[in-house]
Amino acid sequence: QVQLVESGGGLVQPGGSLRLSCAASGRTFDYNFMGWFRQAPGKEREFVSTIVWRDGRTFYADSVKGRFTISRDNAEHTVYLQMTSLKPEDTAVYYCSATSASSVVVGSPGAYDDWGQGTQVTVSS
């Protein structure tokens with residue numbers, strides 16, 4: 001059974017930084033895309049960022065472009081989300097996502113097969 005285990009969330013002041021991690025385990029690693037979505041209370045889950053595992057291409061939502069950086073560790077089967085210049089509107093539960101599909105609409109939650117349990121990020125003074 002596949003597991004995506006997230007870590008790194010927490011409380012940070014506006015302008016601060018956090019790094020989220022998501023480690024994949026429990027199966028032969030065959031993901032082609034891994035990424036992050038977030039969901040704030042009362043809102044729909046929204047796309048944050050995705051990385052193409054094979055070649056490292058990255059995709060970002062406009063709202064985080066220039067502030068967030070997604071990266072991967074091939075050997076550890078782990079994806080990271082470095083978040084800087086955090087704003088109160090970044091407050092949400094952040095979910096790791098993954099799929100072995102060969103092509104996806106990266107911003108669509110339905111394109112991803114596996115999800116982590118979520119980690120809370122709160123940006124507040």
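Let us look at the structure shown here. Sequence order sets the numbering: in each chain, residues are counted from 1 along the sequence as written. Local features in this predicted model are restricted to residues of pLDDT 70 or higher, and side-chain atom pairs are both shown and tallied only at a pLDDT of 80 or more, whereas totals for entire chains, interfaces and linings draw on every residue. Excluded from the side-chain calculations are hydrogens and water; all other atoms, namely the structure's heavy atoms, are used.

## Quick word on the overall build of the chain
Comment: elements are numbered from the N terminus, with helices defined as DSSP H or I runs of at least four residues and strands as E runs of at least two. Counting secondary structure elements, the chain contains 0 helices and 11 strands. Listed N to C, the secondary structure of the chain is β-β-β-β-β-β-β-β-β-β-β in terms of helices and strands. A radius of gyration in this sense is built from C-alpha atoms; the matching globule rule multiplies 2.2 Å by the number of residues raised to 0.38. Against the globule reference of 14 Å for 125 residues, the chain gives a C-alpha radius of gyration of 14 Å, in line with a compact fold. Dimensions of the chain along its principal axes, counting C-alpha atoms only, are 40 × 25 × 25 Å. Counting over 125 residues, the chain shows a buried share of 44%. Accessible area of the chain: about 6300 Å², with a carbon and sulfur share of 45%. Lys and Arg are tallied as positive, Asp and Glu as negative. Neither His nor the chain termini are counted. By convention, the charge on Lys lies at NZ, on Arg at CZ, on Asp at CG and on Glu at CD. Both charge centroids of the chain, one from 11 positive and one from 12 negative side chains, sit 5 Å from each other. Type-normalised accessible area, obtained with a 1.4 Å probe on protein chains alone, sets the label of each residue: buried when under 20%, exposed when over 50%, and partly exposed for intermediate values. Calculation of accessible area relied on Shrake-Rupley with a 1.4 Å probe; when residues are assessed, cover is drawn exclusively from the protein chains displayed.

## Here we look at the environment of Leu4
You can see Leu4 is positioned in strand 1 (residues 3-7). Leu4 sits 38 residues away from Gly42 along the chain, and the two C-alpha atoms are 24 Å apart. By the convention used here, residues are in contact when the closest approach between their heavy atoms is within 4.5 Å. Beyond its immediate sequence surroundings of up to four residues, Leu4 is in contact with Cys22, Ala23, Ala24, Tyr31, Met34, Cys96, Ser97, Ala98, Asp114, Trp115, Gly116 and Gln117.

## Remarks on the sheet that holds strand 8 (residues 78-83)
For two strands to be treated as a pair, DSSP must find no fewer than two bridges joining them. Spatially, 4 strands are ordered 1-3-8-7 in an open sheet, and the strand pairing comes out antiparallel. Since the sheet does not close on itself, it has two edges, and those belong to strand 1 and strand 7 (68-73), each with one partner. Each neighbouring strand pair of the sheet contributes to a mean axis angle of 15°, computed without reference to strand direction. Both strand 7 and strand 8 contribute to a ladder of 6 bridges, which runs antiparallel. Counted as the bridge partner of Phe68 is Met83 from strand 8. What counts as an axis is a line fitted to C-alpha atoms, over the stretch in contact for a helix, and the angles between N-to-C directions run from 0 to 180 degrees.

## Re the environment of Asp73
Along the chain, Asp73 turns up in strand 7. Asp73 sits in the partly exposed class, given a relative accessible area of 26%. The spacing of Asp73 and Ala23 is 50 residues in sequence and 9.4 Å in space, taken between C-alpha atoms. Once residues within four sequence positions are removed from consideration, Asp73 is found in contact with Trp53, Thr78 and Tyr80. Here a polar contact is taken to be a pair of N or O atoms separated by no more than 3.5 Å, where protein atoms must pair a possible hydrogen donor with a possible acceptor and residues adjacent in sequence count only if both atoms sit in side chains. Of note is the side chain of Asp73, whose polar atom sits 3.0 Å from the backbone nitrogen of Glu76.

## Brief notes about the side chain of Ser21
In this structure, Ser21 sits in strand 3 (residues 18-25). Since its relative accessible area comes to 14%, Ser21 is described here as buried. Apart from residues no more than four positions distant in its own chain, Ser21 is found in contact with Val5, Glu6, Ser7, Trp36, Thr78, Val79 and Tyr80.

## Some thoughts on the state of the cysteines
Chemically, a disulfide is nothing more than a covalent bond linking the sulfur atoms of two cysteines. By disulfide we mean two sulfur atoms from cysteines, separated by a distance within 2.5 Å. Scanning the model with the defined rule gives 1 disulfide in all. Across a sulfur-sulfur distance of 2.1 Å, Cys22 and Cys96 are joined as a disulfide pair. Sign of the S-S torsion, about -80° for the bond between Cys22 and Cys96, identifies this disulfide as left-handed. With Cys22 in strand 3 and Cys96 in strand 9 (residues 92-99), this pair connects stretches of sequence that are 74 residues apart. Each member of the pair, Cys22 together with Cys96, is buried.

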